[in-house]
Amino acid sequence: MIDITDHLAQIRARVTQALSKSGRSHDDVTIVAVSKQQPADAIRRAFANGITDFGESYVDEALPKLRSLTDIAAQWHFIGRIQSNKTRAIAENFQWVHSVDRERIARRLDAQRPHHASPLNVLIQVNLAGESQKGGVELAAAPELARVVESLQHLQLRGLMTIPPADLAPHTLLETYSTLRELGADLRRGGHRCDVLSMGMSRDFETAIAAGSNCVRIGTAVFGPRPQ
Ligand SMILES: *Cc1c(COP(=O)(O)O)cnc(C)c1O
């Protein structure tokens, strides 16, 4: 059996070390435990170890798990590609969405967010390497999408997310993540709220933290390999 307690202790130590290496020892980094393809009891074990934020990529897989876990005070983050016919389920069941990449999706999420709920926290996904198989808005189009999200009453713009190509050399990876940090700084200068940079996964979260990440999405390093 995978020892989630042990994995989380190691990840937290590595996060702390990465922060102090880059002179950010007073900063907080949120660990979003990516629980896609993991059973509800693995999520319970992570929660028992102090993890409160969980990431899911597939709506149909996530909903039954969310419903069986209503007794834990978890924050649910939707991090996968968003199909139009799934926006209602996302707007009704998640607190965060990291993968908004077009205006039409933003408008649907806004219209479908229950009015009694707090605004849905939105990160704009940016596709920095022009990979057509991945979601994300182009860098140059991100400010306009940020403006649209900010204008919508039931959405709260919070920041940016990116998924870099898997095979980047370390210095290129650092540059890619730094580009997202700079975009965040530009948006703040433009008056937008942009306090979350969601970047870094199991394989590269230390590099992402060196570039300014304050939200890492970690799956396999927490839960072990995903069952196929
Ligand atoms: C699956 C996934 C992760 C986690 O990946 P690991 O390599 O298991 O840490 C992070 N972000 C997104 C968008 C994902 O789809």
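Anyway, here's the lowdown on the structure attached to this text. (Residues numbered from 1 in each chain as written. Predicted model: local features only at pLDDT ≥ 70, side-chain atom pairs only at ≥ 80, totals over all residues. Heavy atoms only, no water.)

### Describing the overall build of the protein
Selection criterion: Secondary structure elements follow DSSP: runs of H or I of four or more residues count as helices, runs of E of two or more count as strands, with numbering from the N terminus. In this treatment the radius of gyration is a C-alpha quantity, and the globule benchmark scales as 2.2 Å times the residue count to the 0.38 power. To sort residues, take the accessible area from a 1.4 Å probe on protein chains only and compare it with the maximum for the residue type: under 20% means buried, over 50% means exposed, and anything in between is partly exposed.
Helix and strand counts for the protein come out as nine helices and eight strands. Here the C-alpha radius of gyration of the protein, 17 Å, is about what a compact globule of 228 residues would show, namely 17 Å. Along the first, second and third principal axes, the C-alpha set of the protein runs to 45 × 40 × 35 Å. Put simply, the protein has 228 residues, and 51% of those count as buried.

### Side note on the pairing of strand β1 (residues 30–34)
Keep this limit in mind: A pair of strands is considered paired only if DSSP assigns at least 2 bridges between the two.
In terms of residue burial, β1 counts as a mostly covered element, since four of its five residues are buried. Bridging between β1 and strand β8 (residues 215–218) involves four bridges; their strand directions are parallel. When the bridges of β8 are listed, Ala 33 appears paired with Ile 218. Strand direction decides the pairing type here: β1 and strand β2 (residues 53–56), joined by three bridges, are parallel. Following the sheet pairing, Val 34 is matched in β2 by Gly 55.

### Things to note about helix α2 (residues 40–48)
Quick note on the threshold: Arc definition: directions from the helix axis to the C-beta atoms. By definition in these notes, contact holds between two residues if any of their heavy atoms fall within 4.5 Å.
For α2, every residue scored as buried is listed here: Ala 42, Ile 43 and Ala 46. Down the axis, α2 shows its buried residues gathered within 100 degrees of arc, on one side only. Along its buried surface, α2 packs onto α1 (4–21), β2, α3 (59–68), β3 (75–78) and α9 (220–223). Taken from the residues just after α2, Gly 50 is the one with a positive phi, measuring 95 degrees.

### Here's the deal with the packing of aromatic side chains
Rule in force here: A pair of aromatic rings is counted whenever rings of Phe, Tyr or Trp (Trp by its six-membered ring) have centres within 6.5 Å, and the orientation is called stacked for planes under 30 degrees apart, edge-to-face for over 60 and tilted otherwise.
Enumeration according to the criterion identifies two aromatic pairs in this entry. Their ring planes at 35 degrees and their centres at 5.6 Å tell us that Phe 54 and Trp 76 sit as a pair that is tilted. Here the residue Phe 54 occupies a position in strand β2, and Trp 76 occupies one in strand β3, the gap between them amounting to 22 residues. Side by side, Phe 54 and Trp 76 carry an identical accessibility label, which is buried.

### Let's talk about the pairing of strand β6 (residues 155–161)
The side chains of a regular strand alternate, first on one face of the sheet and then on the other. The following threshold applies: Note on handedness: a crossover is taken as right-handed if, strands pointing away from the viewer, the path from the first strand over the helix to the second is clockwise.
By the criterion of burial, β6 is predominantly enclosed, with six of the seven residues buried. Pairing of strand β5 (residues 120–125) with β6 involves six bridges; the strand directions are parallel. Note that in β6 the partner of Leu 123 across the bridge is Gly 159. Tracing the backbone out of β5, into helix α6 (residues 142–151) and back to the parallel element β6 gives a crossover that is right-handed. Note that β6 and strand β7 (residues 196–198) share three bridges and pair parallel. Paired with Met 161 across the two strands is Ser 198, which belongs to β7.

### Notes on the nonpolar core
If you look at soluble globular proteins, the nonpolar side chains tend to sit buried side by side. To keep it simple, the criterion reads: We call a set of buried Ala, Val, Leu, Ile, Met, Phe, Trp, Tyr and Cys residues a nonpolar core when their side-chain atoms join them within 4.5 Å.
If you look at the biggest cluster of nonpolar residues, it comprises 63 residues, and the most contacted ones within it are Phe 54, Ile 124, Val 149 and Leu 160. Counting residues in hydrophobic clusters, the runner-up holds six residues, among them Val 32, Leu 123, Val 196 and Cys 215.

### Digging into the pattern of salt bridges
To keep it simple, the criterion reads: Between Lys or Arg on one side and Asp or Glu on the other, a salt bridge is scored when a side-chain nitrogen of the former is within 4 Å of a carboxyl oxygen of the latter.
In this structure the tally under the stated criterion is 16 salt bridges. Residues participating in the shared-partner salt-bridge network are Glu 56, Glu 61 and Lys 65.

### A look at the site of the ligand
Let me state the cut-off plainly: One heavy atom within 4 Å of a molecule or strand is enough for the residue carrying it to be called near that molecule or strand. The term polar contact refers here to a pair of N or O atoms within 3.5 Å; inside protein, the definition further demands a hydrogen-donor-capable atom paired with an acceptor-capable atom, and it admits residues adjacent in sequence only when both atoms are side-chain atoms. The accessible surface values rely on the Shrake-Rupley method and a 1.4 Å probe; as for residues, cover is taken only from the protein chains in view. When residue character is reported, Ala, Val, Leu, Ile, Met, Phe, Trp, Tyr, Cys and Pro are called nonpolar, Asp, Glu, Lys and Arg charged, and the others, Gly included, polar.
Neighbouring the ligand are Val 34, Lys 36, Ser 57, Ile 79, Ile 163, Met 201, Ser 202, Arg 217, Ile 218, Gly 219, Thr 220 and Arg 226. Contact distances for the ligand include 2.7 Å between an oxygen atom and a side-chain N or O atom of Lys 36. Residue Ser 202 places a side-chain N or O atom 2.5 Å away from an oxygen atom belonging to the ligand. For the ligand, the protein covers 88% of the area, taking 390 Å² as the surface of the free molecule. A breakdown of the residues in the shell around the ligand according to their chemical character gives five nonpolar, four polar and three charged.

### Let's talk about unusual backbone geometry
The phi torsion at Gln 37 lies on the positive side, around 65 degrees, for a residue other than glycine. Looking at the element boundaries, Gln 37 is found in the loop between β1 and α2. Gln 37 sits in the partly exposed class, given a relative accessible area of 24%.

That is the geometry; function is a separate question.
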